[in-house]
There are 2 protein chains.
Amino acid sequence: MDRQTKQRRIETYRRRCREGGLPLTEQRMAVLEAMLDLDDHPTADRVHDVVARRDSRVSRATVYRALESLARIGVITKACHPGKAVRYDSRTETHHHLVCLRCDAIIDVTDDRLDALPVPDTSSYGFVVSDLRVQLRGVCRRCRELEETS
Amino acid sequence: MDRQTKQRRIETYRRRCREGGLPLTEQRMAVLEAMLDLDDHPTADRVHDVVARRDSRVSRATVYRALESLARIGVITKACHPGKAVRYDSRTETHHHLVCLRCDAIIDVTDDRLDALPVPDTSSYGFVVSDLRVQLRGVCRRCRELEETS
DNA sequence: CGTGCGACTGAGACTTTGTCTCAGGGGTTC
DNA sequence: GAACCCCTGAGACAAAGTCTCAGTCGCACG
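Residue positions are given per chain, counted from 1 along the sequence in the order it is written. Lettering of chains starts at A and numbering of ligands starts at 1, both following the order in which they are written. Where totals are concerned, whole chains, interfaces and linings use all residues; where local detail is concerned, this predicted model gives features only for residues with pLDDT of at least 70, and gives and counts side-chain atom pairs only at 80 or more. Side-chain numbers come from the whole structure's heavy atoms, not from hydrogens or water.

1. Topic: the protein's contact with DNA strand D
Applicable threshold: Working definition: residue near molecule or strand if any one of its non-hydrogen atoms lies within 4 Å of it. The term polar contact refers here to a pair of N or O atoms within 3.5 Å; inside protein, the definition further demands a hydrogen-donor-capable atom paired with an acceptor-capable atom, and it admits residues adjacent in sequence only when both atoms are side-chain atoms. The way it works is that DSSP assigns letters per residue, a run of H or I at least four long becomes a helix, a run of E at least two long becomes a strand, and they are numbered from the N terminus.
Around DNA strand D sit 21 residues, and of these Arg60 and Val86 of chain A together with Thr25, Gln27 and Thr62 of chain B come closest. A share of 71% of the atoms of DNA strand D within 4 Å of the protein falls on sugar and phosphate groups. Here Arg28 of chain B contributes a side-chain N or O atom positioned 3.1 Å from a phosphate oxygen of DNA strand D. Taking Ser59 of chain B, its main chain carries an N or O atom lying 3.3 Å from a phosphate oxygen of DNA strand D. Contributing elements (two or more residues each) for the surface near DNA strand D: helix H4 (60-72) of chain A together with helix H2 (26-37) and helix H4 (60-72) of chain B. For the surface near DNA strand D, the leading source of residues is H4 of chain A, giving four residues.

Spelled out as structure tokens, the structure:
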């Protein structure tokens, strides 16, 4: 992610904190910066590794809590996938995912037709939809090649 | 799920086992039956609770393994959601999910327009898509009511 | 610039979720 | 019914996530 985008994202975070009355701490800022630097879809533990390498005093619990709170105010999102660990996503604009069912890789996809998809009416469920995501499940190139050779 | 559908699903399972050369064991049958009886989207541990209540000798590891193997041969599926535990889904036909970001509830949705969505071309990623799912993320009725009163 | 409130943090214990090992058992095939 | 091979149970282990609580720090206010 380029420097400017990153700066803009950090400003958004500052603003949301002010609006929400949330204290803006060094640790949460470190977690956000790590997320913006990692553009795959890291697990909480991987984010912790990165943050801890820069400042070893940041504890695992804090990273878990920070990621949750960042996701709650919408500065980052949680990616959905069928693996066991939660994956976080620094992109917040609408986009979709290729999910490899073998290795749990998540690959970003943008597709105009998918983006143009109308959100169905879910009011009969009492459900308020904030976001529509399409998940394309399958097998990635590397895993297919591995299966073929075996 | 009605008795007939359930019987048909069990027959499908028997056939796939024969075709795949997989032994058809009592334990896996018990896991499948539990899945067909639970029509929410249970975690592996919840399935184990149900199976163990009927036959306390079935171990946790076996339930985990059985769910994995049932998913692998396509008799059940894994639901994708942002929570920490894998959720299994007894429905295998195309359908979509409302996912509550607060309580992790998963609600089935069918919508013709969503079903008619063409699978985008992902060959440039070397990715072979087997399944397209739409996930509508938001907040369910109960969680909204809880947040309003607080 | 102090002060006070309240939310945040670190450390580690704890819980939950999932995997592995290995000896023994049970399906399937012939 | 015998052989083969995968499956199973039990529990140890590993990975992922939560909780507790005393102490700290951000921020609003004066």
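Still more ground to cover, so stick around.
2. Comments concerning the interface of chain A and chain B
Here is the rule: Only heavy atoms enter the contact rule, under which two residues are in contact if any of them lie within 4.5 Å. By buried area we mean the combined loss of accessible area, with a 1.4 Å probe, across both parts when two parts are placed together. Between Lys or Arg on one side and Asp or Glu on the other, a salt bridge is scored when a side-chain nitrogen of the former is within 4 Å of a carboxyl oxygen of the latter.
Chain A puts 45 residues into the contact, and the matching count from chain B is 45 residues. Interface area for chain A against chain B, summed over the two sides, is near 3,800 Å², with a carbon-plus-sulfur share of 60%. Counting the surface chain A buries against chain B, the share from its top three residues, Tyr125, Phe127 and Arg137 of chain A, is 19%. There are one salt bridge connecting chain A and chain B. Among the salt bridges present, the one from Arg137 of chain A reaches Asp131 of chain B, with a minimum N-O distance of 4.0 Å. Those elements that place two or more of their residues in the side of chain A that touches chain B are strand E1 (77-79), strand E3 (96-100), strand E4 (106-109), helix H5 (112-115), strand E5 (128-139) and helix H6 (141-149) of chain A.

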